[in-house]
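What follows is each chain in one-letter form.
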Amino acid sequence: MPLTYPNPSVLKEIADTCGTPVMIYDEDAVRNTMKEYVTNFKSDMFETNVLYASKAFLCKAIAKAAAEEGLHFDAVSGGEIFCLAKAGVPAEKIHFHGNNKTPREIEDFFRMGHGHIIVDNEDELNLIIATAERVKSQMDILIRVNPGVEAHTHEYIATATKDSKFGVSIDKEETIRNMINSVAESDYLNFGGFHSHIGSQILEVEAFAMEIRVMFDFLDKVANSWGVTVEELDLGGGFAIRYTEEDNPPSTEEVCSRIIALCEEEVVQRKLPIKRLMIEPGRSVVGDAGYTLYTAGCRKSTDSREYIFIDGGMADNIRPALYDAVYTCRNISRDEAEADRTYAIAGKCCESGDILIKEASLPETAPGDLILVHATGAYGYSMASNYNRLGRPAVVFTSGDTYRTVLRRETYEDMMALDVE
Ligand SMILES: *Cc1c(COP(=O)(O)O)cnc(C)c1O
């Protein structure tokens, strides 16, 4: 099945009025996916929440859209929480994640209101307890455990060595019991349950089934051997999208209904009082509804490659350089022409590794043509840098054939504003 993309005449108009590189989100598609999550991740047995993992892409417009569609939020820093607050999201809809939350980030969040913190380790819990005493404010607590299930695209494994930097290994039972007891002793903290997250771009629903099995074995032990009431379980994110025509991830409906069915079965069989189940999709909410539009510049041929250089690159999309992420693109200026050439699409940054697409199928392409890269909506803008003093691109939301700018292009003056010499 071909990848979909916005109306080329709208794209040309956006390039004319906003310049390139520019990021474009199909807001209708984003909202549709949000609706699909909210409608399909539902149970008669427990409350369900879909938390949007803000780190995939965050600005006020996306936060408002997610809040309007009924999602809650996963945030990993004071900066993300600040942006959510500016968009009008209250603390009770925010789950604060991260493996090294600073004292200031923790205190600011307590002062914002009664929210949720996912505790990563014992040191952090001590910091949270001390802050709660000082600020005298309530907080719900989940403990992040590492279930030893690791999944990435097609591979998923149960590992014996649980040495990730995130969460407490599920084997460290004494540590986890101590943490639960410390939470219980605080007048301000309410222990809800546990969180786990097993990876990203997971194409096989079976990986989540394995996570659910391991987590419910653990919950069973905590409830029935340790005598601790566990009411909340957060299974994290990692749901896959289509980057290329070859990718074939399960639908949102399939993933959600499978997770719900497996969890309901576990709750019934083990007689656990689970009251709230959560998932945290990031990439799958915004990834394939987002595109980057570049202008082709100079070309160059070597003995083995034909290069087309674009007016952006690793500064606006680090993923190919960082972990060999694969993308597909099309020439919007010659949308009807047959893609009978192979080009390497390289950025303008001073790094040999700044190649966005190693082998792109395109029609013969000339300087000035508009190149649209698919599925750049997650971890593109949010990982963007000012390397080589390139300003971050503008971000535009389309709806039907209308569009609006939600983040303006970063100017030279914006970059110089930090320079206080
Ligand atoms: C990154 C992350 C997510 C979102 O992952 P996606 O692959 O974007 O769905 C959710 N939860 C946690 C804890 C994460 O670290």
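The paragraphs below set out a description of the structure included in this document. (Residues numbered from 1 in each chain as written. Predicted model: local features only at pLDDT ≥ 70, side-chain atom pairs only at ≥ 80, totals over all residues. Heavy atoms only, no water.)

Thoughts on the environment of Ile371
Quick note on the threshold: Strands here are runs of E lasting at least two residues and helices are runs of H or I lasting at least four, both read from the DSSP assignment and numbered beginning at the N terminus.
Considering the arrangement of structural elements, one finds Ile371 in strand E19 (residues 370–373). When the C-alpha atoms of Ile371 and Ala296 are compared, they prove to be 6.5 Å apart, with 75 residues separating the residues in sequence.

Quick notes on the nonpolar core
The condition is simple: Nine residue types can take part in a nonpolar core, namely buried Ala, Val, Leu, Ile, Met, Phe, Trp, Tyr and Cys, and a core is a set of them joined through side-chain atoms within 4.5 Å. Summary of the burial criterion: residues with accessible area below 20% of their type's maximum are buried, those above 50% are exposed, and those between are partly exposed, where the area comes from a 1.4 Å probe applied to protein chains only. In this description, contact between two residues means that some pair of their heavy atoms is separated by no more than 4.5 Å.
If you look at the biggest cluster of nonpolar residues, it comprises 93 residues, and the most contacted ones within it are Phe57, Ile62, Leu189, Phe194, Ile259 and Val286. The dominant element in this core, judged by the number of residues it contributes, is helix H8 (residues 205–224), at twelve residues. What Val286 contacts, discounting residues up to four positions off in sequence, is Tyr25, Val30, Tyr52, Ala56, Phe57, Ile62, Gly377 and Ala378. By size, the runner-up hydrophobic cluster in this structure holds 18 residues, among which are Ile241, Ile310, Tyr327 and Val373.

Brief notes about unusual backbone geometry
Note that the residue after Thr20, namely Pro21, is joined by a cis bond; omega there is -10°. Topologically, Pro21 is positioned in the loop between helix H1 (8–18) and strand E1 (22–26). Phi is positive for Asn388, close to 65°, though the residue is something other than glycine. Mapped onto the elements of the fold, Asn388 is located in the loop between E19 and strand E20 (394–399).

Considerations on the site of the ligand
To keep it simple, the criterion reads: Only heavy atoms are used to decide nearness, and a residue is near a molecule or strand if one of them lies within 4 Å of it. Polar contact is defined as a pair of N or O atoms within 3.5 Å, subject to the rule that within protein one atom must be able to donate a hydrogen and the other to accept it, and that residues adjacent in sequence are counted only when both atoms are side-chain atoms. The method behind every accessible area is Shrake-Rupley, applied with a 1.4 Å probe, and residues are considered shielded solely by the protein chains displayed. Polarity classes work like this: nonpolar for Ala, Val, Leu, Ile, Met, Phe, Trp, Tyr, Cys and Pro, charged for Asp, Glu, Lys and Arg, and polar for all others, with Gly in that last group.
In the vicinity of the ligand lie 16 residues, with Lys55, Gly238, Glu280, Arg283 and Tyr379 positioned nearest. With respect to the ligand, the side chain of Lys55 contributes an N or O atom lying 2.7 Å from an oxygen atom. For the ligand, an oxygen atom lies 2.8 Å from a polar atom in the backbone of Gly238. Protein chains bury 93% of the 390 Å² of accessible surface belonging to the ligand in isolation. Looking at the shell around the ligand residue by residue, the class counts come to four nonpolar, seven polar and five charged.

With respect to the environment of Glu246
Position of Glu246 relative to the elements: it lies in the loop between strand E12 (232–234) and helix H9 (252–270). Along the sequence, Glu246 and Met1 sit 245 residues apart, while their C-alpha atoms lie 8.5 Å from each other.

Section: the pairing of strand E7 (residues 149–152)
The criterion, for reference: DSSP-based pairing: two strands are paired if at least 2 bridges between them are found.
Of the two faces of E7, only one is covered, namely that formed by Val149 and Ala151; the face formed by Glu150 and His152 stays uncovered. Judged from the two bridges that link them, E7 and strand E11 (residues 199–200) form a sheet pairing that is parallel. Counted as the bridge partner of His152 is Ser200 from E11.

Some details on the environment of Ala240
Assignment of secondary structure puts Ala240 in the loop between E12 and H9. For Ala240 and His152, which are 88 residues apart along the polypeptide, the C-alpha to C-alpha distance reads 9.5 Å. Excluding anything up to four places from it in sequence, Ala240 contacts Gln201, Ile202, Leu203, Pro249 and Ser284.

Description of the pairing of E1
A regular strand carries its side chains on alternate faces of the sheet. A large share of E1 lies buried, amounting to four of its five residues. Pairing between E1 and E20: five bridges, direction parallel. By the bridge assignment for E20, Met23 is matched with Val395. Sheet topology places E1 next to strand E14 (residues 290–301); four bridges connect them, and they run antiparallel. By the bridge assignment, Val22 is partnered in E14 with Leu293.

What to know about the packing of aromatic side chains
This is how it is decided: For this analysis, a ring pair means two rings from Phe, Tyr or Trp (six-membered ring only for Trp) whose centres lie within 6.5 Å, classed as stacked if their planes differ by under 30 degrees, edge-to-face if by over 60, and tilted for the remaining angles.
By the definition in use, this model includes eleven aromatic pairs. A ring pair is formed by Phe218 and Trp226, whose centres lie 6.2 Å apart and whose planes are at 85°; its orientation type is edge-to-face. In terms of burial, Phe218 and Trp226 fall into one category: buried. The structure contains a cluster of three or more aromatic residues connected by ring pairs, namely Tyr25, Phe57, Tyr381 and Phe397.

Here's the deal with the pattern of salt bridges
What counts here: The salt bridge criterion pairs a side-chain nitrogen of Lys or Arg with a carboxyl oxygen of Asp or Glu, the two atoms within 4 Å.
This model, assessed by the stated rule, comprises 24 salt bridges. The closest approach of N and O atoms between Arg31 and Glu69, which form a salt bridge, is 2.9 Å. Placement of Arg31 in helix H2 (residues 27–40) and of Glu69 in the loop between helix H3 (60–68) and strand E3 (72–75) is noted, with a sequence separation of 38 residues between them. Overlapping salt bridges bring together Glu27, Arg31, Lys35, Glu68, Glu69 and Arg404 as one network.

Focus on H2
Applicable threshold: Each residue after the first adds 1.5 Å to the expected span of a helix.
Taking 1.5 Å of rise per residue, the 14 residues of H2 would be expected to cover 20 Å, and the 20 Å separating its terminal C-alpha atoms lies within 8% of that figure. One side-chain oxygen of the residue at the start of H2 lies 3.1 Å from the amide nitrogen of Asp28, identifying that residue as Asp26.

So, the packing of H2 against H3
Our working rule: To define axes, lines are fitted to C-alpha atoms, for helices over the stretch in contact only, and angles between the resulting N-to-C directions are given on a 0 to 180 degree scale. In a left-handed crossing the near helix is turned counterclockwise from the far helix by less than a right angle, and in a right-handed crossing that turn is clockwise.
Interaxial distance between H2 and H3 falls to 10 Å at its minimum, and their mutual angle equals 35°. Pair H2 / H3 crosses with right-handed handedness. For the pair H2 and H3, the contacting residues are Val30, Arg31 and Met34 in the first and Ile62, Ala65, Ala66 and Glu68 in the second. Within the contact of H2 with H3, the residues separate by chemical class into five nonpolar, no polar and two charged.

Brief notes about the packing of H2 against H9
We count it as follows: Here the word oblique covers every angle except those under 35 degrees (roughly parallel), over 145 (roughly antiparallel) and from 65 to 115 (roughly perpendicular).
Packing of H2 against H9 leaves a shortest axis separation of 9 Å and a crossing angle of 25°. With respect to each other, H2 and H9 are oriented roughly parallel. Our pair here, H2 against H9, has a crossing hand that is right-handed. Taken together, the residues of H9 that come into contact with H2 (itself represented by Thr33, Glu36, Tyr37 and Asn40) are Thr252, Glu253, Cys256, Ser257 and Ile260. Split into classes, the residues belonging to the contact of H2 with H9 amount to three nonpolar, four polar and two charged.

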